[in-house]
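Given next are the chains, with one letter for each unit.
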Amino acid sequence: NAGVMQNPRHLVRRRGQEARLRCSPMKGHSHVYWYRQLPEEGLKFMVYLQKENIIDESGMPKERFSAEFPKEGPSILRIQQVVRGDSAAYFCASSPIQRGGYNEQFFGPGTRLTVL
Amino acid sequence: TQLLEQSPQFLSIQEGENLTVYCNSSSVFSSLQWYRQEPGEGPVLLVTVVTGGEVKKLKRLTFQFGDARKDSSLHITAAQPGDTGLYLCAVLMDSNYQLIWGAGTKLIIKP
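Remember, predicted model here, so these are calculated numbers, not experimental data.

Asks: Is there a simple way to think about the nonpolar core in this case?
Replies: Looking at soluble globular proteins, one finds that nonpolar side chains tend to be buried together. Residues A:W34, A:M46, A:L77 and A:Y90 are the most contacted members of the largest nonpolar core, which totals 23 residues. Once you skip the residues sitting within four places of it in the chain, A:Y90 turns out to touch A:Q6, A:L21, A:Y35, A:R36, A:M46, A:F65, A:L77, A:I79, A:G110, A:T111 and A:L113. Membership of the second largest hydrophobic core comes to 21 residues, among which are B:I13, B:L19, B:V47 and B:A79.

And the structure:
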């Protein structure tokens, strides 16, 4: 049973370009979360999605950032017109359907975005 | 101000020594999680503590949740180079899905 997969693992973009980060959740998981980790900082929640629905995007910048989790295919985090401050590691996590109480989120290996 | 303060930020010790790292807050939590993150990888859940005063052991790692459920510690006995990594604590917000993270303790065990 493959874990959470993210690609690419490393992505280099120049300022003003677009970055697309992909995440395939674990088999059977229908909930996806995106986190960002800046150097020397902890992870920060960005967005929570279920299939075809954005449940909570309170941690995502209002401009230039968007996320989707289509009915078929991976979840996509899209950053338009990247700036140097977007350089970070972006982690995706997935969890199964919640049945109350806390849920365990399983993390992918991350995509390290470098903006030149 | 961070909701979760982890200390120390950085720790480098010799193989075989014992160590304790801390995760502190002024807030009360229903549960707290510890993760380990290796370079170039995502965090991996080690343990979840739920009850005040709870102690959980995972081989040479001992996790404790404070009586008041505001803080937690991770003690490693006879540290080994394989324990090297970034140790992160995290709590779930009331939403029950949004994890809030400490900045981590970067641990290096020298052979």
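Asks: Just to check I follow, could you spell out the packing of aromatic side chains for this structure?
Replies: Aromatic rings in a pair are described by how distant their centres are and how their planes are angled relative to each other. Summed over all chains, the structure comprises 10 aromatic pairs over all chains. Seen from their ring centres, A:Y48 and B:Y97 are 4.3 Å apart, and the 40° between their planes marks the pair as tilted. Of this pair, A:Y48 sits in strand β5 (residues 43-50) while B:Y97 sits in the loop between β9 (85-92) and β10 (99-101), on two different chains. The same class applies to A:Y48 as to B:Y97, namely buried. Judged by centre distance (5.6 Å) and plane angle (80°), the rings of A:F107 and B:W101 are edge-to-face.

Asks: Is there a simple way to think about the environment of A:Q105 in this case?
Replies: Topologically, A:Q105 is positioned in the loop between β9 (88-95) and β10 (106-107). By relative accessible area, A:Q105 is classed as buried at 3%. Linking A:Q105 and A:S94, residues 11 residues apart in sequence, is a C-alpha distance of 5.4 Å. Other than its neighbours up to four places away in sequence, A:Q105 contacts A:Y33, A:Y35, A:A93, A:S94, A:S95, B:Y35, B:Y97 and B:L99. Within polar-contact distance, the side chain of A:Q105 engages the side chain of A:Y35 at 2.8 Å. Of note is the side chain of A:Q105, whose polar atom sits 2.6 Å from the backbone oxygen of B:Y97.

Asks: Which parts of the structure should I look at to understand the environment of B:A79?
Replies: Residues and elements named next belong to chain B. The topology assignment puts A79 in the loop between β8 (71-76) and β9. Given a relative accessible area of 1%, A79 falls into the buried group. Contact partners of A79, with chain neighbours within four places excluded, come to I13, E15, G16, E17, L19, R60 and I109.

Asks: Would you take a moment to explain the pattern of salt bridges for this structure?
Replies: Pairs can form between side chains of opposite charge whenever their charged atoms are close. Tallied over the entire structure, the rule returns 7 salt bridges over all chains. Salt-bridge contacts for B:E41 lead to A:R9; the nearest nitrogen and oxygen are separated by 3.6 Å. A residue pair is termed interchain when its members come from two chains, as with B:E41 in the loop between β4 (32-37) and β5 (44-49) and A:R9 in the loop between β1 (5-7) and β2 (10-13). Given a relative accessible area of 33%, A:R9 falls into the partly exposed group. Linked through salt bridges whose partners overlap, the residues forming this network are A:E18, A:R20 and A:R78.

Asks: Help me understand the state of the cysteines in this model?
Replies: One way to say it: the disulfide is the covalent bond shared by the sulfur atoms of two cysteines. Evaluation of the coordinates by the stated rule reveals 2 disulfides over all chains. Here A:C23 pairs with A:C92 through a disulfide, and the sulfurs are 1.8 Å apart. A torsion of -50° about the S-S bond marks the disulfide between A:C23 and A:C92 as left-handed. On the criterion of sequence distance, the pair formed by A:C23 in strand β3 (residues 19-24) and A:C92 in strand β9 is long-range, its members being 69 residues apart. For the pair A:C23 and A:C92, one class covers both residues: buried. Between the sulfur atoms of B:C23 and its disulfide mate B:C89 the distance is 2.0 Å. Looking down the S-S bond of the B:C23 and B:C89 bridge, the torsion is 75°, so its handedness is right-handed.

Procedures and definitions
- Residues numbered from 1 in each chain as written.
- Chains lettered and ligands numbered in written order.
- Predicted model: local features only at pLDDT ≥ 70, side-chain atom pairs only at ≥ 80, totals over all residues.
- Heavy atoms only, no water.
- Core = buried A, V, L, I, M, F, W, Y, C linked by side-chain atoms within 4.5 Å.
- Buried < 20%, exposed > 50% of the residue type's maximum accessible area, 1.4 Å probe, protein only.
- Contact = heavy atoms within 4.5 Å.
- Phe/Tyr/Trp six-rings, centres within 6.5 Å; stacked < 30°, edge-to-face > 60°.
- Helix = DSSP H or I, 4+ residues; strand = E, 2+ residues; numbered from the N terminus.
- Polar contact = N/O pair within 3.5 Å; in protein donor to acceptor, adjacent residues only side chain to side chain.
- Salt bridge = Lys/Arg side-chain N within 4 Å of Asp/Glu carboxyl O.
- Disulfide = S-S within 2.5 Å.

The values are spatial; any link to function lies outside them.
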